[in-house]
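# Coordinates in review
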Amino acid sequence: MSRNSSKMLTGRESLIRLVGKRRRFLPNRQSLLAIAIQGSLNLCTDNDRVISTESERRFSQSKMAGLTSGEDEKSPLEISIRDWVTCPVCGSRVRGEDCLINSHLDACLSSGKKRKMTQLTLLELNFCSQTSSLVQNAVINSENSVAVEENDSNLCKSLWTTKSVPVKNGMASSTGKPTNGDRINLAVGPSSLPLKDGVSTCDTMTTVDDISGVILKTSIVGRRFSIVKDLNQGAKISLLRDPDNTKDPNAIKVLLADCTPCKVLGFLPRELARPLSPLIEKYSLIFEDFLQGHVTSVPKLSLDAVPIQIVCCKKVISHGDRDHSDVKAFTSLWKNVLHAVESAKNCASSATKYQQNFCLLMQEVLRSNHHIFTDDEKNFMESFTSLSDDSQRLFVRLYTRKGPWFRVSSISYPEVSDSKQAINDLSAIGYICSFADPKELQNNDMKEILNLLTISKLREITYLLKKNSSPGTRKQDLIATLLSTYKDKKCLSLPIAIFDRTGMCIKISSKAESLIWRVERLFFLNGDQDLSAFLLVDLGIVKYPTYCCNMSEQIFSTRSDLLAYEEAIEVAQIMDESLEENNNELVLRCIEIADSRMSNSSAKATQSMAIFLSRFSASWVYSKVVFLGISFLEHERRYKDAVNLLKQLLACFPCDGRRGYWTLRLSIDLEHMGCSNESLSVAEDGLLDPWVRAGSRMALQRRVLRLGKPPRRWKAPSFVGSIRRRIKEVHILGRPLNCEIGKKSRFYGENGEQCGVEQLALQYYAGEGGGWHGVHAESGIWLTIFGLLMWDVIFSDVPNVFHNRFQTAPLDLETDGFYPVRKSLIETHLQKIQDGMAEEIVITSWELHSGTACLGVDWGGHSLSELRAVVTCIGGPCLASLCRHLALDYRSWSSGMPDLLLWRFHGEYRGEAKLVEVKGPKDRLSEQQQAWLLLLMDCGFDTEVCKVKPMPSVS
């Protein structure tokens, strides 16, 4: 089957939306495809045949099957397997090599990262078991403060004594004096519990001595007033009060300290300068400019805010002892300083906001889904918070890129000041793995790393290995040639040649990749959204509705439910990829897997969760795979297999809105097989099913009338009068532009312009048809009207239907559960609409929520004045009836509406509306369209079908 035809299969688009962003590797793929299937289907000609596609061969050689801990992906820092120790600063696990311990401690202590209640001197610590236990018991809460268990209170008291720890090569000096000028400043005192990045908070009275060594991270603003435009990372700075500043009497200048005279770089932010300036003046607070005051990174644009770090210290104060009120005033000012610094972090710049969003994502998922992660997974994700800003930012940057491999030499981000150290830190805790030695290059990674090279570099390798390559050879052809020769052992030096041109390469580890994918899926509950949703909100591009997230029921009650759901998503992705690659054998294999597992989990899923949560079960995902497989089998004319699968679907899902279409396909496929009697029986039984609705019901009724003629059936069914109701028709003539079969009809309009049948009909109704105004909107304008009229109902406070702030509708909107739980509110609201308040409700919703994302609402498609005219002309009773049907069954009635909505006024406040389905030559009404027209007639709407016919040619 061709790729284009595979895209036309019914259910393909739905499966693509379900999978969402494809995973770079599937941890369970090998085991899923290798398992023996015990079922009634035998779709493959040889079930034991090994899948021979290139992707399968590559995966079978991979070491990535399953969630690994990352130990097989050696970091350049991991030299040998030794005992692991716990870092007393950040709490992460480090291999027990002396050089590794020293290197890790140097990085921790110099980065100013937050510390986990382990601020004993390193000499006293000596990696004692007591401290390791304390590190394990320290829990970072949602606000990044530290909660310590009560039984560690005695140990905690000793943690508040150390203010400054002299170190050498990462270890404490026994003399207690600084060595080589290196001084590590730590936040101290029970009154200053550590926050992020070394910033302290004051919970009790604080003295000037207590703030010695506290690190403040802020930025230089007002760069347009600076005479220095170019800055270097690490440049030393000093601060100077500027009381004569006309714009801000609390202004504090930032000076470049490495030159004489000092040059002004800019100013501290106004919010920080306001509480800091009286501290400098009244309490002689200064900053250790030549040791710790420096530029931490340089922005791309010279006038942007420059991140800096300053360390507090005290000067000898000659004001004598201060009274209690003086200490209280100091404490209040110092709290304001810390609040200003913390607020600035919470309002991160756009260049680093993604880091904050990522951390928020992980924290929220861990908080709300704590029960479905193992201790190892929780520790692994929590270790991310102990990383430096550089490491966190680099990881998020790499995770959101295509990858999977990246050349270290080409990694450069302005907000990451030390990429090399960030890579080392990420490697040490297993978030990335590397290719730093030709001997480490695995066969399955070689193709991906070769893709990093340009065509010229690939040609260099082919010439070096004496392989013929014409100048016009494509990149993928060159890679294929190199891989084939290496596989045949004709160029064993290929890894060395690759490494010489790429240098060290890194990629996200399989463990990190799998866990972060899981975190995104648990947070957004779909495959369409990812971290970019945060960015769109931050930039003001997308605005989400306001609602209450009231969650009393878990989406996944157990870990096994989650793992089963993830495996089902993997099968769906393999199915999608196989269709794209025209791998029919693998498609059939996926159908078999889905069929065998669907029946085992469907009963459990429907019994243990609400209707609207059933979509997050493995059985629901497998039903999507099976249904797409049915379309595939029907395309291949394998109707017997399709019939077996349809019967399986109907047996496994007795309460599902998709039953109507499944029943219809079953009846059609049985007729294809020559089983007309059984086809008729299926159609008749389907009409007794309460889940068969709308267009599917209409289609089954037509089949019963067609197949149930004598002698099969002698009595006419009861619905015959309803289905044969006459729908008013209007016929208009048009001058055709094309008459090609299979192409949309085109005509010449009134002014000679080219147009479709809908535009031609609009011109007719605006002129001789009666002076109607109108739009060609199909279902779009009706869903917009429904969203505006029912906004308060849709986003009302209902438990478990809102799980994050990035939803455009409650989870149950497209299910039968939407109406019952809101029945009282809906009926009260519909009564207001019926009483003539629709226009007022539309105006209020528009003014309050304009531009806010809501399922079905198209803010740019129609103006407010147009919508007001529409609801006025339609009238309250018809609108209320239509909204009730959408509230009862949004899924069935959210498509298939008539093409045109027409309206015209009779006077200033009265009017009428008409709905028109337009059909070109040789077109006919679909079952869904006919069902809509009959429903609208029952609701009191004026409806008709406009048939456009070509004008007879003049001989």
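To be clear, the structure that these remarks concern was listed above.
Below or above, wherever it landed, is the structure these notes cover.

### Points about the packing of aromatic side chains
Scanning the entire structure with this criterion turns up 28 aromatic pairs. Considering the side-chain rings of tryptophan 791 and tryptophan 859, the 6.2 Å spacing of their centres and the 55° angle between planes classify their relative orientation as tilted. One end of the pair, tryptophan 791, is in helix α31 (residues 791-794); the other, tryptophan 859, is in the loop between α33 (823-849) and α34 (864-874), and 68 residues separate them in sequence. For tryptophan 791, a relative accessible area of 3% corresponds to the buried category. A residue is classified by how much of its surface remains accessible, and tryptophan 859, at 16% relative accessible area, is buried. Aromatic side chains tryptophan 846 and tryptophan 859 sit 5.2 Å apart centroid to centroid with 70° between the ring planes, which places their arrangement in the edge-to-face category. Of this pair, tryptophan 846 sits in helix α33 while tryptophan 859 sits in the loop between α33 and α34, placing them 13 residues apart in sequence. Each member of the pair, tryptophan 846 as well as tryptophan 859, carries the same accessibility label: buried. Site record: aromatic cluster; members linked through ring pairs are Phe358, Phe380, Phe384, Phe395, Tyr399 and Tyr431. When the ring centre of tryptophan 517 is taken as reference, the NZ or CZ atom of arginine 23 above it lies at 3.9 Å.

### A few points about the nonpolar core
Residues Phe395, Trp782, Leu789 and Met790 are the most contacted members of the largest nonpolar core, which totals 178 residues. Considering every element that reaches this core, the biggest residue donor is helix α23 (residues 618-635), with 11 residues. Membership of the second largest hydrophobic core comes to 30 residues, among which are Ala235, Leu276, Val306 and Ile310.

### Thoughts on the packing of helix α30 (residues 780-789) against α34
In the contact formed by α30 and α34, the axes pass within 11 Å of each other and the chain directions differ by 85°. Regarding the angle of α30 to α34, the classification is roughly perpendicular. Side by side, α30 and α34 meet where Ile781, Trp782, Thr784, Ile785 and Leu788 of the first sit next to Leu867, Val870, Val871 and Ile874 of the second. Residues that form the contact of α30 with α34 fall into these classes: eight nonpolar, one polar and no charged.

Conventions used here
- Residues numbered from 1 in each chain as written.
- Predicted model: local features only at pLDDT ≥ 70, side-chain atom pairs only at ≥ 80, totals over all residues.
- Heavy atoms only, no water.
- Phe/Tyr/Trp six-rings, centres within 6.5 Å; stacked < 30°, edge-to-face > 60°.
- Helix = DSSP H or I, 4+ residues; strand = E, 2+ residues; numbered from the N terminus.
- Buried < 20%, exposed > 50% of the residue type's maximum accessible area, 1.4 Å probe, protein only.
- Lys NZ or Arg CZ within 6 Å of the ring centre and 35° of its normal.
- Core = buried A, V, L, I, M, F, W, Y, C linked by side-chain atoms within 4.5 Å.
- Axes fitted to C-alpha atoms, helices over the stretch in contact; angles between N-to-C directions.
- Parallel < 35°, antiparallel > 145°, perpendicular 65-115°, else oblique.
- Contact = heavy atoms within 4.5 Å.
- Nonpolar A, V, L, I, M, F, W, Y, C, P; charged D, E, K, R; others polar.

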